[in-house]
Amino acid sequence: AAAAMAAERGLAMATCTAPVNIAVIKYWGKRDTDLILPINSSLSVTLHQDQLKTTTTAAASRDFTEDRLWLNGKEADVGHPRVQACLREVRRLARKRRGGGEDTAALSLSYKIHIASENNFPTAAGLASSAAGYACLVSALARLYGLEEELSEVARRGSGSACRSMFGGFVQWQRGDRPDGSDSLALQVAPETHWPELRVLVLVVSGEKKPVGSTVGMQTSVETSPLLKHRAEVVVPERLAQMMRHIRERDFEGFGQLAMRDSNQFHATCLDTFPPIFYLTDLSRHIIALAHRYNGHHGHTKVAYTFDAGPNAVIFALADTVAEFVEVVRRSFPPATNGDRFVRGLPVGPAALSPELLAAVVTKPVPGAVQYILHTQPGPGPQLVDDPSQHLLGADGLPWSRA
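Residues numbered from 1 in each chain as written. Predicted model: local features only at pLDDT ≥ 70, side-chain atom pairs only at ≥ 80, totals over all residues. Heavy atoms only, no water.

### A closer look at the overall build of the protein chain
Next up, step 1: Scanning the protein chain from terminus to terminus reveals 10 helices and 17 strands.
Next up, step 2: Against the globule reference of 22 Å for 403 residues, the protein chain gives a C-alpha radius of gyration of 22 Å, in line with a compact fold.
Next up, step 3: On the principal axes, the C-alpha backbone points of the protein chain span a range of 70 × 45 × 40 Å.
Next up, step 4: When the accessible area of the protein chain is evaluated, it comes to approximately 16900 Å², of which 53% is carbon and sulfur surface. (Helix = DSSP H or I, 4+ residues; strand = E, 2+ residues; numbered from the N terminus. Rg over C-alpha atoms; globule rule 2.2 N^0.38 Å. Areas by Shrake-Rupley, 256 points an atom, 1.4 Å probe, with all protein chains shown as cover.)

Below you can see the structure in the form of structure tokens.
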């Protein structure tokens, strides 16, 4: 209704937020690079938008002369093929929904659009910004054009993992079998409320761009890694079923072990790629070893790591483990200066470490290696922002900073 009312003066606007997701059964490799169809299904946890989110405003007006895009305040290329694919798909669905006829009350599909998007976290630092970004773009566009349907398929055309950010909680991206991709979509396995004790720690080790982008990296892997082929055809189908069971049963031991194994295998396929791709750094390996020492000391899986195409570690734990493990990380990687800003996000209580734990787990400290820890938890899917003051574009259809 708001969009229709604004349309009378020729400007319609919609703003949404969307979450980051972290895969616990990894997606790596496409069987169709144009439609973005994966060689295997994947499964992820959607992170809470209070800590990590993308906000996107989409506006349409008869006064706009061209489509325009701003990312984090800077104008960007709206002609990017994946942005165009999302725009085209949303407009196609809107046209189809209107039965081909131009509904005068509805927003004209011929109007140019302006899009502004911003993250509350560093872009391309291995924090899955493209997933949140494209999920948010599609959500805002769908809202603008009044679409309600299954949109994970559209988000997939922007970035494969973006289809998983269209839902909260625990989400599966089904590989699908059809060549047209109509059955390659995301499904919610369980909502974020299903496992209230689950927590997530993102250990940010660097805000650098990754050495090899995911798009190029995964296709090189598809072309050259026999291990990846075995993973996709044999290993993942079994792991996916196991992981869904662990989530349903809230079995942290099973969930954590499988998440670590799958992360390790994904990075093994990167090493098996030719030439090899290195996303893990010495520091990543140091964190892996720390997690195993910590679990070994306790005699069961209390923390579980997973790494995407970058060096930042994502650690899953139950709420009652967080304070102690954060203290272990603080002792292992003493913060350089930002002692006060070392832990961000959800509050973390103090913890005393026993001398036995310190001796067994905290070996050679590496000062300043971890920039900060973000404490978060599973959260919901994309949200509509109703408050007009939260729009990223002004009444003139330009970003506030430019207006």
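From this point on, the discussion continues.
### Here's the deal with the pattern of salt bridges
Next up, step 1: As enumerated under the stated definition, the model contains 13 salt bridges in all.
Next up, step 2: Its salt-bridge partner being Arg91, residue Asp67 comes within 3.6 Å of it at the nearest N-O pair. With a gap of 24 residues between them, Asp67 in the loop between β6 (53-61) and β7 (68-71) and Arg91 in helix α2 (residues 81-97) connect regions that are remote in the sequence.
Next up, step 3: For Asp67, a relative accessible area of 15% translates into the label buried.
Next up, step 4: The buried category is assigned to Arg91, whose relative accessible area is 15%. (Salt bridge = Lys/Arg side-chain N within 4 Å of Asp/Glu carboxyl O. Buried < 20%, exposed > 50% of the residue type's maximum accessible area, 1.4 Å probe, protein only.)

### Some details on the side chain of Ser41
Next up, step 1: Looking at the secondary structure, you find Ser41 in the loop between β4 (37-38) and β5 (42-46).
Next up, step 2: Within the local environment of Ser41, its side chain forms a polar contact with the backbone nitrogen of Arg175, the two atoms lying 2.9 Å apart.
Next up, step 3: Ignoring sequence-local partners within four residues, the contact set of Ser41 consists of Ile25, Lys26, Gln172, Trp173, Gln174, Arg175, Val236 and Leu240. (Polar contact = N/O pair within 3.5 Å; in protein donor to acceptor, adjacent residues only side chain to side chain. Contact = heavy atoms within 4.5 Å.)

### Some remarks on the sheet that holds β5
Next up, step 1: Taking strand neighbours across the sheet as the criterion, the four strands line up as β2-β5-β10-β11 in an open arrangement whose pairing is antiparallel. On the outer flanks of this sheet lie β2 (21-25) and β11 (186-190), each paired with one strand and no other. Sheet twist, expressed as the mean angle between neighbouring strand axes with direction ignored, is 35°.
Next up, step 2: Pairing between β5 and strand β10 (residues 170-173): four bridges, direction antiparallel. Of the residues in β10, the one forming a bridge with Ser44 is Val171. (Pairing = 2+ DSSP bridges. Axes fitted to C-alpha atoms, helices over the stretch in contact; angles between N-to-C directions.)

### Focus on the domain arrangement of the protein chain
Next up, step 1: Assigned domains of the protein chain: these are domain 1 (1-192 + 383-390) and domain 2 (198-376).
Next up, step 2: Its C-alpha centre places domain 1 at a distance of 28 Å from the equivalent point of domain 2.
Next up, step 3: Listed per partner, the contact involves 30 residues of domain 1 and 46 residues of domain 2.
Next up, step 4: Taking both sides of the interface into account, the surface hidden between domain 1 and domain 2 amounts to around 3100 Å²; carbon and sulfur atoms contribute 73%.
Next up, step 5: For the interface between domain 1 and domain 2, the tally reads one salt bridge.
Next up, step 6: Across the pair Asp308 and Lys26 runs a salt bridge whose closest N-O atoms are separated by 2.5 Å.
Next up, step 7: Applying the counting rule to domain 1 against domain 2 returns eight residue pairs in polar contact (both at pLDDT 80 or more).
Next up, step 8: Looking at the side of domain 1 that touches domain 2, the elements with two or more residues in it are β2, β5, β10 and β11.
Next up, step 9: Considering each element in turn, the side of domain 1 that touches domain 2 owes the most residues, four residues, to β2.
Next up, step 10: Residues belonging to the side of domain 1 that touches domain 2 are distributed by class as follows: 18 nonpolar, nine polar and three charged. (Domains from an automatic or database assignment. Buried area = accessible area lost by both parts, 1.4 Å probe. Nonpolar A, V, L, I, M, F, W, Y, C, P; charged D, E, K, R; others polar.)

### Things to note about the packing of aromatic side chains
Pairs of aromatic rings are described using the distance from one ring centre to the other and the angle between the two planes.
Next up, step 1: Evaluated as defined, the whole model comprises 10 aromatic pairs.
Next up, step 2: Between Phe252 and Phe255, the ring centres sit 6.1 Å apart and the planes meet at 40°, which makes this aromatic pair tilted. With Phe252 and Phe255 both in helix α7 (residues 252-272), this residue pair falls three residues apart, about one helical turn. Of the two residues, Phe252 and Phe255, both sit in the buried class. (Phe/Tyr/Trp six-rings, centres within 6.5 Å; stacked < 30°, edge-to-face > 60°.)

### Some words on the nonpolar core
Considering soluble globular proteins, one finds that nonpolar side chains tend to be buried as a cluster.
Next up, step 1: Within the largest apolar cluster, 62 residues are counted, with the highest numbers of intra-cluster contacts made by Phe255 and Phe316.
Next up, step 2: In terms of domain composition, this core takes at least three residues from each of domain 1 (1-192 + 383-390) and domain 2 (198-376).
Next up, step 3: Not counting residues within four places of it along the chain, the set of residues in contact with Phe316 comprises Ile22, Val24, Val45, Leu198, Arg199, Val200, Phe252, Phe255, Lys302, Val303, Ala304 and Thr306. (Core = buried A, V, L, I, M, F, W, Y, C linked by side-chain atoms within 4.5 Å.)

### A closer look at helix α5 (residues 214-224)
For an α-helix, 3.6 residues make a turn, and residues three or four places apart therefore share a direction.
Next up, step 1: Buried within α5 we find Ser214, Gly217, Met218, Gln219 and Ser221.
Next up, step 2: Those residues of α5 that are buried lie in contact with β3 (30-32), α6 (226-248) and α7.

### Some thoughts on the sheet that holds strand β13 (residues 303-307)
Next up, step 1: With mixed pairing, the five strands of this open sheet are ordered in space as β13-β14-β12-β16-β15. In this open sheet, the two edge strands, each paired with only one partner strand, are β13 and β15 (343-345). Going across the sheet, the axis of each strand differs from the next one's by a mean of 25°, ignoring polarity.
Next up, step 2: With five bridges connecting them, strand β12 (residues 198-204) and strand β16 (residues 372-376) associate as antiparallel partners. Directly across from Leu203, in β16, lies its bridge partner Ile373.
Next up, step 3: Packed on one face of the sheet, helix α8 (residues 282-298) meets β12, β13 and β14 (313-318) and runs near 160° to β13.

### Description of the environment of His292
Next up, step 1: Within the element layout of this structure, His292 appears in helix α8.
Next up, step 2: His292 sits 239 residues away from Lys53 along the chain, and the two C-alpha atoms are 30 Å apart.
Next up, step 3: In this structure, His292 is in contact with Met260 and Tyr305, ignoring residues within four places of it in sequence.

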